[in-house]
Amino acid sequence: MDHWKNLIWRSAREGTVQLMRNKFLSSTTILLGSLILFLLNFVFALHFFTNYSLQNLEERADFRVPLEIKYEVFNLEALQNDLTNQYAIESSVIPPEAFLNFSNPPLLYIKFNSLSDVRGVFELLKSVRYSEVIGEWDFAAEREFVTLVERLLSLRDTVESATRWLIVLFVIGGIALAVNTFRVVLFSRRQEVFVARLVGADTVFIAGPYLWEGMLLGVVAWLISGIGFVLALREIDFLPGANLGGAIFEYWWNIILWNELLIAMAVGVLGAWIAIKRYLTGHFEA
C-alpha cells in the first residue's frame, strides 16, 4: 500500500513540475482544450434550450374538436378511452353554448402531453369508427397545427443528432490534441524514458507523471472553460423567458459540469497514454 502511495505522490509531483516546465506548450494545450469545452458547453445549452422550448409548448398544446349535436355518449366514451390508452393526452367535453345570434356545438377538448402524439391523435379522430361522433371541423387549422408540431420535432431530432456527433468530434479532437502535446514532450525527453527502462523501472513508474500531467491539463482546461461559460452566460440577455439563463445554468451545473470534468480528465490521460505507449514496449527509438 505504501508503495502505491509513494508512486502516486511521485507521479503527482513530477507531473506538476513537468506541466510548469513546459509553459508555452502546456498553456497552448490548455487554451485549445478550454475552447473545445467552451464550445461544447454552448452545444449542450442549445440542446437544453430546444427541449425547454418544446416542453413549454407541450404545456400549452391543445386542440378543440367539434362534436355532433346529438352524439352517442357511448361512442364518445369509447373514443376518449382509445385516446387515453394509446396516447399521452387529457380530454374533456365542453358543453354547447348558445348566444344571441349563434351557438357553439359541443367540443372535445384535447390537451397534448407529448407533441409526438399529435399526428396519431388526429388520425384516430378522423377514423370511420368515430365519424358519427366527430362533427365538421377546420381541416386547414389541423394541417397547420400538425405541420408546426412536426417541424418542431424535426428541429429537436436534428439538435439531438448534432449534439451527439459534436460530442464525439470534440472528444476525438481533445484526444488528438493531448496526443500531439505529449509526442512533442516525449520527443525531447525520450532519453530519460530510455534510461528509466534500462534500470528496470516498471511501466507505472515511467508513465505515471505523464498520465498525471495529462489529467492536470484536462482539469485546468475544464476549469477555465467553466468560468468562461458562466461569464458568457451572464452577458446573454436576449433569451426568452424570465429565468431561462438560470435554468440553463442549473442544468449545466447539475448534469453537464461534473460529467465534463471526468471526460476532460479521461481525455487527457488517454492522450498521454497513447503518446507514451510506443516508448514503453518493444524496441526503443533513440
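1. Thoughts on the overall build of the protein
Helix and strand content of the protein: 8 helices and 5 strands. Helices (α) and strands (β) of the protein occur, in sequence order from the N terminus, as α-α-β-α-β-β-β-β-α-α-α-α-α. Whereas a compact globule of 286 residues would reach a radius of gyration of roughly 19 Å, the protein reaches 30 Å, over 25% beyond that. Burial status across the protein gives 39% buried among its 286 residues. Within the protein, contacts between residues separated by at least 24 positions form 81% of all contacts whose residues are at least 6 apart in sequence. Entry remark: accessible area of the protein is about 16900 Å², with carbon and sulfur atoms responsible for 63%.

2. What about the pattern of salt bridges?
In this structure the tally under the stated criterion is 3 salt bridges. Between Arg-119 and Glu-150 there is a salt bridge, with the nearest N and O atoms lying 2.4 Å from each other. Taken together, the residues span a long stretch of sequence, with Arg-119 in helix H4 (residues 118–125) and Glu-150 in helix H5 (residues 139–188) at a distance of 31 residues. Residue Arg-119 is classed as partly exposed on the basis of its relative accessible area, which comes to 43%.

3. A few points about the nonpolar core
Core analysis: the largest hydrophobic core is formed by 37 residues, its most contacted members being Leu-186, Tyr-210, Ile-248 and Ile-276. Elements represented by at least two residues in this core include exactly helix H2 (23–60), H5, helix H6 (190–198), helix H7 (203–235) and helix H8 (244–280). Looking at this core, the element that brings in the most residues is H8, giving 14 residues. Sequence-distant contacts of Tyr-210, that is, excluding residues within four places in its chain, are made with Gln-18, Phe-182, Val-185, Leu-186, Arg-189, Val-193, Ala-272 and Ile-276. Leu-76, Ala-78, Phe-122 and Leu-124 belong to the second largest nonpolar core, which has 28 residues in total.

4. Side note on the packing of aromatic side chains
Enumeration according to the criterion identifies 14 aromatic pairs in this entry. Judged by centre distance (5.2 Å) and plane angle (80°), the ring pair of Phe-42 and Phe-229 falls under edge-to-face. Of this pair, Phe-42 sits in helix H2 while Phe-229 sits in helix H7, placing them 187 residues apart in sequence. Judged by relative accessible area, which is 30%, Phe-42 ranks as partly exposed.

5. Considering the sheet that holds strand S2 (residues 89–94)
What the 3 strands build is an open sheet, ordered S1-S5-S2; its pairing is antiparallel. Each of the sheet's edge strands pairs with one partner strand only, and the pair in question is strand S1 (62–66) and S2. Ignoring which end each strand starts from, the neighbouring axes of this sheet average 20° apart. One ladder, built from 6 bridges, connects S2 with strand S5 (residues 107–112); its direction is antiparallel. Paired with Ile-89 across the strands is Phe-112, a residue of S5.

6. So, the side chain of Asp-117
The topology assignment puts Asp-117 in the loop between S5 and H4. Although Asp-117 is buried, it forms no salt bridge, and the closest oppositely charged side chain is Arg-156 at an N-O distance of 9.3 Å. Those residues in contact with Asp-117, other than ones at most four positions away along the chain, are Tyr-87, Ala-88 and Phe-112.

7. Some remarks on the environment of Arg-143
With respect to the helices and strands, the residue Arg-143 is situated in helix H5. Owing to a relative accessible area of 52%, Arg-143 belongs among the exposed residues under this scheme. Placed 21 residues apart in sequence, Arg-143 and Phe-122 show a C-alpha to C-alpha distance of 9.8 Å.

8. Concerning the environment of Ile-276
Mapped onto the secondary structure, Ile-276 falls in helix H8. Excluding its chain neighbours within four sequence positions, the residues that come into contact with Ile-276 are Leu-186, Ile-206, Ala-207 and Tyr-210.

9. A word on a negative patch on the surface
Where like charges cluster on the molecular surface, the negative patch consists of Glu-68, Glu-72, Glu-132 and Glu-136. The topology assignment puts Glu-136 in the loop between H4 and H5. Given a relative accessible area of 79%, Glu-136 falls into the exposed group.

Reading the values: the criteria
Residues numbered from 1 in each chain as written. Predicted model: local features only at pLDDT ≥ 70, side-chain atom pairs only at ≥ 80, totals over all residues. Heavy atoms only, no water. Helix = DSSP H or I, 4+ residues; strand = E, 2+ residues; numbered from the N terminus. Rg over C-alpha atoms; globule rule 2.2 N^0.38 Å. Buried < 20%, exposed > 50% of the residue type's maximum accessible area, 1.4 Å probe, protein only. Contact = heavy atoms within 4.5 Å. Areas by Shrake-Rupley, 256 points an atom, 1.4 Å probe, with all protein chains shown as cover. Salt bridge = Lys/Arg side-chain N within 4 Å of Asp/Glu carboxyl O. Core = buried A, V, L, I, M, F, W, Y, C linked by side-chain atoms within 4.5 Å. Phe/Tyr/Trp six-rings, centres within 6.5 Å; stacked < 30°, edge-to-face > 60°. Pairing = 2+ DSSP bridges. Axes fitted to C-alpha atoms, helices over the stretch in contact; angles between N-to-C directions. Lys, Arg positive; Asp, Glu negative; His and termini not counted. Patch = residues over 30% accessible without salt bridge, like charges linked within 9 Å, V, L, I, M, F, W, Y side chains within 5 Å. Charge placed at Lys NZ, Arg CZ, Asp CG, Glu CD.

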